[in-house]
Structure formats: C-alpha cells, structure tokens
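# An overview of the molecular structure
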Amino acid sequence: MSALLEVRDLTQRFGGLVANADVSIDVNKGEILGLIGPNGAGKSTLFNAIAGVRKPTEGRIAFEGRDVTDLGAPERCALGIARTFQVVKSFETMSVVENVMVGAFQRTASSRVAREKAREVLEFTGLAAREKAMANELTPPEKRRLEVARALATEPKLLLLDEAMTGLTPAEARQGVELVRTVRARGVTIVMVEHVMEIVMPLVDRAVVLDLGRVIAEGKPADIVRDERVITAYLGERHRARDA
Ligand SMILES: Nc1ncnc2c1ncn2[C@@H]1O[C@H](COP(=O)(O)OP(=O)(O)OP(=O)(O)O)[C@@H](O)[C@H]1O
Ligand SMILES: [Mg+2]
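Residues numbered from 1 in each chain as written. Chains lettered and ligands numbered in written order. Predicted model: local features only at pLDDT ≥ 70, side-chain atom pairs only at ≥ 80, totals over all residues.

Once that is clear, we can look at the sheet that holds strand β8 (residues 189-193). Sheet strands pair by backbone hydrogen bonding; their relative direction is either parallel or antiparallel. Spatial ordering of the open sheet is given by β6-β7-β8-β3-β9-β10, a layout of six strands whose pairing is mixed. Strand pairing shows two members of the sheet lacking a second neighbour, β6 (81-83) and β10 (214-219), which therefore form its edges. The sheet shows a mean angle of 20° between the axes of neighbouring strands, taken without regard to direction. The pairing of strand β3 (residues 32-36) with β8 spans four bridges and is classified as parallel. Across the sheet, Ile-32 pairs through a bridge with Ile-190, a residue of β8. Running over the sheet, helix α6 (residues 170-185) touches β3, β7 (158-162) and β8 and is turned about 150° from β8. Running at roughly 125° to β10, helix α9 (residues 228-235) makes contact with β3, β9 (206-211) and β10 of the sheet. (Pairing = 2+ DSSP bridges. Helix = DSSP H or I, 4+ residues; strand = E, 2+ residues; numbered from the N terminus. Axes fitted to C-alpha atoms, helices over the stretch in contact; angles between N-to-C directions. Contact = placed C-beta atoms within 7 Å.)

Here we come to the nonpolar core. Judged by nonpolar contacts, the single largest core of 68 residues is most densely connected at Ile-50, Val-100, Met-192 and Val-209. With six residues, the single largest contributor to this core is helix α5 (residues 140-153). What Val-100 contacts, discounting residues up to four positions off in sequence, is Ala-118, Val-121, Leu-122, Ala-149, Arg-150 and Ala-153. (Core = buried A, V, L, I, M, F, W, Y, C linked by C-beta atoms within 7 Å. Buried ≥ 20, exposed ≤ 12 C-beta atoms within 10 Å, placed from the backbone.)

The subject of this paragraph is the packing of helix α3 (residues 96-104) against α5. Direction vectors running N to C along α3 and α5 enclose 35°, while the axes themselves pass 6 Å from each other. Of the two elements, α3 crosses α5, and the hand of that crossing is right-handed. Note on element contacts: α5 touches α3 through Leu-146, Ala-149, Arg-150, Ala-151 and Ala-153, opposite Val-96, Asn-99, Val-100, Val-102, Gly-103 and Ala-104. Per-class residue counts for the contact of α3 with α5 are eight nonpolar, two polar and one charged. (Left-handed = near helix turned anticlockwise from the far one by under 90°. Nonpolar A, V, L, I, M, F, W, Y, C, P; charged D, E, K, R; others polar.)

The immediate surroundings of ligand 1 are formed by Phe-14, Leu-17, Ala-19, Gly-37, Asn-39, Gly-40, Ala-41, Gly-42, Lys-43, Ser-44, Thr-45 and Gln-86. For the shell around ligand 1, the elements supplying multiple residues, two or more each, are β2 (17-28) and α1 (43-51). When residues in the shell around ligand 1 are grouped by element, the largest group, three residues, is from α1. The residue inventory of the shell around ligand 1, partitioned by class, reads four nonpolar, seven polar and one charged. (Near = placed C-beta within 6 Å.)

Moving on, we get to the pairing of β3. Burial runs high along β3: five of the five residues are buried. The two faces of β3 match: Ile-32, Gly-34 and Ile-36 on one face and Leu-33 and Leu-35 on the other face are all buried. Pairing between β3 and β9: four bridges, direction parallel. Its bridge partner lying in β9, Gly-34 is registered against Ala-207.

Here is the structure:
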C-alpha cells in the first residue's frame, strides 16, 4: 500500500502547552485508521493540522506525495481532504439539502449539479427523507449524519471523522459503522477518532494511539488493546481483565 497522507514530526504548541509533539503518521490509501487516546491527547488538534484549519508550529504534511503544509483548508479540501467537526457545525437556518450543497459547491459552480449531488449523498447517508427540514430541526444523530453528508459531498479522497458516532444509541452506531464501511468501499480513505472501543476496534484496519500529544503506539487493533502503554494511558484495567 502507498501512503496517501504523510505526517512528519508535527508539533503544535499553544503557548506553553504542547498539544501535538513530534507526531509522525502514514495513512495508507484505502484503509480505515483509528486515532484514539484520552481526552486532551491532541486528536482534534491533529485533525486541524491535517485539514489545514491551523498551521502546525513545526513539521510537514504531504498528501498524495505533495507537501501541503502551507496550504489552507479550502485548498486542501479541493485536493480531497474533508473533515467533520467534533462540535457539529451545521448552517442551522438552512435546509438539510442546502447544507450538503455547500459541500457539493467544492466541485461545481452549478446549483443544479450541486443539488443533484447533495440529493445523491443524502440518499446514501440515510437522510433523504429530511431533505427539506431545517438543520436546526434535526435530532443530534441526524446532525452527525449531516456533517458526514456535507463532507462526502466534497468528494474527498481522505475523510476525517471526529467523534462522528458520539452520542448515538447502539443501533444508530451500528448504522454509522455500516456507513463508514460503505464509504470506504467507494474508495475513500478514512481516519476516525472515536472513544467507544467496541465501535472503533472492529472497524479499523489499524490504530494510532496518542497520549499527551505523542504517538505511544500504533498497530493492529488486536495488538493495541494488549499494549501495556495503551492500557495504562487510556484503556485501563477493564480491558486488561477482559482481554486476558
Ligand atoms: N485553540 C487552542 N488553544 C489552546 N489550547 C488548545 C487549543 N486547542 C486545543 N488545545 C489544547 O490542546 C490539547 C489537545 O486538545 P485536543 O482538542 O486536540 O484533544 P482531543 O484529543 O481531541 O481531546 P477530546 O477527546 O477531549 O476531544 C488540550 O490540552 C487542549 O486544551
Ligand atoms: Mg477532540
């Protein structure tokens, strides 16, 4: 497999706080990579750096072999990097279909084409019946889907999901898992942040664990859940006992 995204020696400082410290990660084309770690570990900060929301203090990021470190978020989106936000950012007083059209306009200037694209994505994400609703009328799980739909409408090669399944019931989470699998089957590479191990571990091909801004482990899910450093920093005794 070839690396779609390469993060090299990335450091993000906020004053005296080091939110990401010397992070180096490869994301392979076609994989689902899980990014896990305790609260404040630097997961969302890393997503911001990859998506171009914030320029890192140090380090480089390459996408499809091209250095994108100095590009802003719109340029990276044009290259095929899309993200959802941990705190949902819908356009509340616009309809669902209009929200998704905002993403589709990344690839077309035509409202007709953008609307067609938006409808297709809404169908795919299970929101077609809510097309005309205002975003602020959606339930929290529907809003999470809308976030994913808007990101997908930009036709990404790399999709960054930041806790897209947080707050879902087990049944909704299962649907979310299916959606992620279908997106990957369409050729999209995925990096996902999730705290619920029962969701993330069966779904991902590989996991990277951050703690205090540093990568403390990476590998296959089965190895990650047995890694002493990961258990100590994040998973705790519960997992040690269960997986023993
Ligand atoms: N804009 C900012 N200014 C100052 N500090 C920040 C900023 N963004 C994040 N931080 C700090 O950086 C650290 C990493 O935060 P980040 O949001 O990346 O963690 P996270 O792994 O996403 O956590 P969570 O699981 O709670 O979402 C935290 O200590 C946070 O308070
Ligand atoms: Mg976060």
